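Architecture at a glance
The lines below spell out each chain.
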Amino acid sequence: RLGRMERDDGLGGLPPREARLYRALLEATDRTCSRAALTARLWPESSPEAAAANLRQGLHQLGRRLRDRSDVRLVADRRRVSLVSAGPPSIPDGTW
């Protein structure tokens, strides 16, 4: 479950680059894409270097926005990018 961002497609208020990236990840199998697939889909006319730079910038900005949410996270490594559901926030012992 990805909360409100899933219900409204997550595009409300997102800049175009972040919205396209978020939508591509939502539509992907298991919400995971290779970096190569994302750059080819989102920036097909750009050079590989420019597309990779666009992806890095988009991931940085989208990741910052998602960090403020408790229900979804962006996870990326050198090859893949994923949207993952985060569990409920943990409550430290003794808080209750």
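Figured I'd write up the structure that's included with this text. It should be emphasised that the depicted structure is a prediction, and the values quoted were computed from it without experimental measurement. (Residues numbered from 1 in each chain as written. Predicted model: local features only at pLDDT ≥ 70, side-chain atom pairs only at ≥ 80, totals over all residues. Heavy atoms only, no water.)

Pairing geometry for strand 1 (residues 32-34) and strand 3 (residues 80-85), over three bridges, is antiparallel. Residue pairing in the sheet places Thr-32 in a bridge with Ser-82 of strand 3. In this structure, strand 2 (residues 72-76) lies alongside strand 3, joined through five bridges in antiparallel fashion. Bridge pairing in strand 3 links Val-72 to Ser-85. (Pairing = 2+ DSSP bridges. Helix = DSSP H or I, 4+ residues; strand = E, 2+ residues; numbered from the N terminus.)

With that out of the way, let us pick up helix 2 (residues 16-27). Taking 1.5 Å of rise per residue, the twelve residues of helix 2 would be expected to cover 16 Å, and the 16 Å separating its terminal C-alpha atoms lies within 8% of that figure. Among the residues of helix 2, those classed as buried are Glu-18, Ala-19, Leu-21, Tyr-22, Ala-24, Leu-25 and Leu-26. (Expected span 1.5 Å × (residues − 1). Buried < 20%, exposed > 50% of the residue type's maximum accessible area, 1.4 Å probe, protein only.)

Taken in spatial order, the three strands line up as 1-3-2 in an open sheet, and their pairing is antiparallel. Each end of this open sheet is capped by a strand with a single partner; those strands are strand 1 and strand 2. The mean inter-strand angle of the sheet, taken between neighbouring strand axes irrespective of direction, is 15 degrees. Packed onto the sheet, helix 3 (residues 35-42) meets strand 1, strand 2 and strand 3 and runs at close to 85 degrees relative to strand 1. Here helix 4 (residues 48-67) sits on the sheet in contact with strand 2 and strand 3, set at roughly 150 degrees to strand 2. (Axes fitted to C-alpha atoms, helices over the stretch in contact; angles between N-to-C directions. Contact = heavy atoms within 4.5 Å.)

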